[in-house]
Amino acid sequence: MNPMTNVRNTEKLNERELELGLADTNQSWHNEFISSAYVFVGGLSYDLTEGDIITVFSQLGEILDINLVHDKSTGASKGYAFLAYEDQCSTDLAVDNLNGVTDAGRVIRVQPTTDYRP
């Protein structure tokens, strides 16, 4: 799916939850990811370092773990990372506020994940 389509779908889902009064309830889509404080961050510039990512994402909460994925043969960044926050609230804030942000001409995708294992 196109990254911008994914961003728009998430925004629509958040708006719909607010309209129906489902935000911050067990019926919210955020509740599906309550057991994981990890987020997937995609669409990153290949020039960004772990420090750069921490600088931006730590504004929403304390980061406990980060894995900026690199190509095994070249060592170059693959443009995506996984990071863990200290608490679920920060994870929700990152998804709701940083998903769809443009950096260096690239659309950043921030999605909760339960599949990542450090």
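Below you will find a few notes about this structure. (Residues numbered from 1 in each chain as written. Predicted model: local features only at pLDDT ≥ 70, side-chain atom pairs only at ≥ 80, totals over all residues. Heavy atoms only, no water.)

This part takes up the overall build of the protein chain. Summing up its helical and strand segments, the protein chain has three helices and six strands in all. When its helices and strands are written in sequence order, the protein chain yields α-β-α-β-β-α-β-β-β. Residues classed as buried in the protein chain amount to 36% of the 118 residues present. Put simply, 60% of the contacts in the protein chain that link residues at least 6 apart link residues at least 24 apart. By element, 49% of the accessible surface of the protein chain is carried by carbon and sulfur atoms, the whole surface being about 7,000 Å². (Helix = DSSP H or I, 4+ residues; strand = E, 2+ residues; numbered from the N terminus. Buried < 20%, exposed > 50% of the residue type's maximum accessible area, 1.4 Å probe, protein only. Contact = heavy atoms within 4.5 Å. Areas by Shrake-Rupley, 256 points an atom, 1.4 Å probe, with all protein chains shown as cover.)

Every buried residue of helix α3 (residues 88–98) is listed here: Gln88, Ser90, Thr91, Ala94, Val95 and Leu98. Buried positions in α3, seen along its axis, are confined to an arc of 160 degrees and lie on one side of it. Looking at where α3 begins, the residue whose side-chain oxygen comes 3.3 Å from the main-chain nitrogen of cysteine 89 is aspartate 87. Positive backbone phi, at 95 degrees, marks glycine 100, one or two positions downstream of α3. (Arc of directions from axis to C-beta. Polar contact = N/O pair within 3.5 Å; in protein donor to acceptor, adjacent residues only side chain to side chain.)

Grouped together as the largest cluster of nonpolar side chains are 16 residues, with contacts concentrated most on Ile53, Phe57, Leu83 and Val110. Those elements that place two or more of their residues in this core are β1 (38–42), α2 (50–57), β2 (63–70), β3 (77–85) and α3. Aside from chain neighbours lying at most four places away, what touches leucine 83 is Ala37, Tyr38, Val39, Val41, Ile53, Phe57, Ile63, Asp65 and Ile66. Listed in part, the six residues of the second largest apolar core include Tyr38, Phe82, Ala84 and Tyr116. (Core = buried A, V, L, I, M, F, W, Y, C linked by side-chain atoms within 4.5 Å.)

Let us now look at unusual backbone geometry. Its identity is not glycine, yet alanine 104 carries a phi of approximately 55 degrees, on the positive side. For alanine 104, the position within the fold is in the loop between β4 (102–103) and β5 (106–107).

Strand order in this open sheet of four strands is β2-β3-β1-β6, and the pairing throughout is antiparallel. Of all strands in the sheet, those bounded by a partner on one side alone are β2 and β6 (109–112). Direction aside, neighbouring strands of the sheet carry axes that sit 20 degrees apart on average. Bridge analysis of β2 against β3 gives six bridges, and the strand direction is antiparallel. Considered in β3, the bridge of isoleucine 63 is made with tyrosine 85. Against the sheet, α2 engages β1, β2, β3 and β6, with an angle of about 140 degrees to β2. (Pairing = 2+ DSSP bridges. Axes fitted to C-alpha atoms, helices over the stretch in contact; angles between N-to-C directions.)

Time to look at the packing of aromatic side chains. Summed over the entire model, instances satisfying the criterion amount to three aromatic pairs. Of the aromatic side chains, those joined through ring pairs into one cluster are Phe40, Tyr80 and Phe82. Directly above the ring of tyrosine 46 sits arginine 106, whose terminal nitrogen or CZ lies 4.9 Å from the centroid. (Phe/Tyr/Trp six-rings, centres within 6.5 Å; stacked < 30°, edge-to-face > 60°. Lys NZ or Arg CZ within 6 Å of the ring centre and 35° of its normal.)

What follows is about the pairing of β6. Judged by which residues are buried, β6 turns out to be one-sided: Val110 and Pro112 face inward and are buried, whereas Arg109 and Gln111, on the alternate face, are not. For β1 and β6, the ladder comprises four bridges, and the chain directions are antiparallel. Its bridge partner lying in β6, valine 39 is registered against proline 112.

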